[in-house]
Each structure stands twice: as C-alpha cells, then as structure tokens.
Amino acid sequence: MVSATERLEEVKADIRSSETVHGRKEGSVTLIAVSKTYDADVIRPVLAAGQRMFGENRVQEAMGKWPALREEFDGIELHLIGPLQSNKARGAVATFDVIHTVDRPKIAGALKAEMDRQGRDLPCFVQVNTGEEPQKAGIAPNDVDEFVRHCREDIGLTIVGLMCIPPVEEAPGEHFALLEKIAGRNGLTQLSMGMSADFAIAVGFGATHVRVGSAIFGTRDYG
C-alpha cells in the first residue's frame with residue numbers, strides 16, 4: 001500500500017515536471033496539501049516529510065487539530081480554501097494565514113474588521129465562480145473587477161490573487177484560462193487553481209497554488 005508520504009513525493013514530482021513542460025520556473029508553483037477530514041495522525045507523517053502548507057475547508061475543524069500540530073512543527077502555513085460564514089471570521093483570522101474564499105462584501109468586511117481587531121493582515125484571494133454555477137460560491141466573472149476594487153480600496157483587504165473550482169463536467173483549462181485573464185487585467189499575480197485531478201493542467205495556465213488532497217492522503221471517507 002502506497003503511503004501518504006510516497007504520494008506526496010509523486011505529486012511534487014508531477015508539479016516539477018509540469019513546470020518544465022510549460023516553461024515555468026522550478027518552484028514557481030506552491031503545493032497546498034488539502035488535509036480536510038483527516039486527523040492529526042494522518043497529517044503528521046506528511047509534516048515530518050517536509051510539507052508545510054496545508055488547506056482546510058472548515059474553521060472549526062482547523063481550530064481543533066492545528067494548534068497542537070503547530071507546537072510540534074515549525075513553519076506551518078494554513079490556507080482556508082472552503083466557504084466562510086461571517087460569524088466564523090474571528091476564528092478564521094486567528095487560525096489561518098491565507099484566505100482563498102473571499103466571495104461577497106459581507107465576508108470581506110467581516111474579515112477586515114477581525115484582522116484590525118487581532119492585528120493581522122492576511123493575504124486574500126477572491127473566489128471566482130467561473131462556471132456561474134448557482135450552487136457554488138464565488139463572484140461572477142463579469143463582477144470580479146469591481147469586487148476586487150471594492151475589497152482593496154473601500155474595505156482595505158490585501159487581495160493577492162484569484163481562486164476557482166471549475167465545473168466537474170467541463171474542461172478545466174477553459175476556466176483556468178479565464179481566471180488567468182481576469183487576474184491579469186486586475187494586476188493580480190497569484191492564481192489558486194487545480195486540484196488532484198487537474199493540477200498539472202492548471203500549471204500550464206499559470207497556477208501559483210495548487211490544492212491537492214486525495215492524491216496525497218487517499219480517498220476520503222465522509223461517513
């Protein structure tokens with residue numbers, strides 16, 4: 001049976017290969033190991049293997065397992081990659097180092113208020129609903145420019161990039177290309193896109209952060 005640490009090395013090798021194929025500088029793509037639903041015993045060997053950037057979907061889950069892991073391992077950077085409710089903003093700002101899912105003015109305002117209160121300035125990504133799926137969070141592509149301006153100028157958030165999750169039934173490359181285009185016209189250099197099934201494709205469209213879970217940790221059991 002292949003271990004999580006072995007799969008981690010395979011994913012890292014695939015990222016390096018994709019960087020080479022697409023003419024990207026080696027090390028230009030950051031791997032976020034998505035550890036949602038996995039407990040500390042499963043995460044610990046991956047930490048021991050040197051991985052330091054992790055993604056979680058839920059604030060409460062992250063608050064429950066990461067403080068102890070931070071005491072064991074230095075240099076952990078925790079990314080919130082799941083939807084955020086405004087009443088969870090305080091825990092999110094206290095627990096995470098980067099927010100990938102800013103998707104409406106209320107959340108942007110709540111995050112900024114908490115950052116000011118806690119004396120933190122977290123880099124944030126705006127989540128874009130590139131497929132304009134009604135069941136999915138994110139700003140519609142045509143509304144991104146104004147929303148990014150609002151977050152930066154009116155609210156004062158540090159917006160560093162864009163994030164998307166393409167529709168499962170469509171070719172991801174079209175959505176990655178759209179995100180890259182929107183980011184470019186807004187002067188944003190960071191793109192959070194690509195998951196276990198399509199991260200190699202995302203590298204070709206300029207991804208700076210890929211969010212990989214099951215390809216490292218194995219199939220999730222949601223019970």
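Trainee: Help me out: how do you make sense of helix H2 (residues 40-48) in this one?
Mentor: Owing to its 3.6 residues per turn, the α-helix brings residues three or four apart onto one side. Here H2 has its buried residues at Ala40, Ile43, Val46 and Leu47. Looking straight down H2, one finds its buried side chains confined to an arc of 120 degrees; they lie on one side. Of the exposed residues in H2, those oriented more than 90 degrees away from the buried face are Asp41 and Ala48. Here the buried face of H2 lies against helix H1 (4-21), strand S2 (53-56), helix H3 (59-72) and helix H9 (214-217). Of the residues one or two after H2, Gly50 is the one with positive phi, at around 110 degrees.

Trainee: Would you take a moment to explain the environment of Ile155 for this structure?
Mentor: Structurally, the position occupied by Ile155 is in helix H6 (residues 144-155). Note: C-alpha distance between Ile155 and Pro105 (50 residues apart in sequence) is 8.8 Å. Here Ile155 is in contact with Pro105, Ala108, Gly109, Lys112 and His150, once residues within four sequence places are set aside.

Trainee: So what exactly am I meant to see when it comes to the nonpolar core here?
Mentor: Soluble globular proteins tend to bury their nonpolar side chains together. Formed by 62 residues in total, the largest nonpolar core has its most connected members in Phe54, Trp66, Val102, Leu111, Leu157, Leu162 and Ile216. Not counting the four nearest positions on each side in its chain, Leu111 is found in contact with Leu84, Ala89, Val93, Ile99, Val102 and Leu157.

The rules behind these values
- Residues numbered from 1 in each chain as written.
- Predicted model: local features only at pLDDT ≥ 70, side-chain atom pairs only at ≥ 80, totals over all residues.
- Heavy atoms only, no water.
- Buried < 20%, exposed > 50% of the residue type's maximum accessible area, 1.4 Å probe, protein only.
- Helix = DSSP H or I, 4+ residues; strand = E, 2+ residues; numbered from the N terminus.
- Arc of directions from axis to C-beta.
- Contact = heavy atoms within 4.5 Å.
- Core = buried A, V, L, I, M, F, W, Y, C linked by side-chain atoms within 4.5 Å.

Any functional reading would require information beyond the geometric quantities listed.
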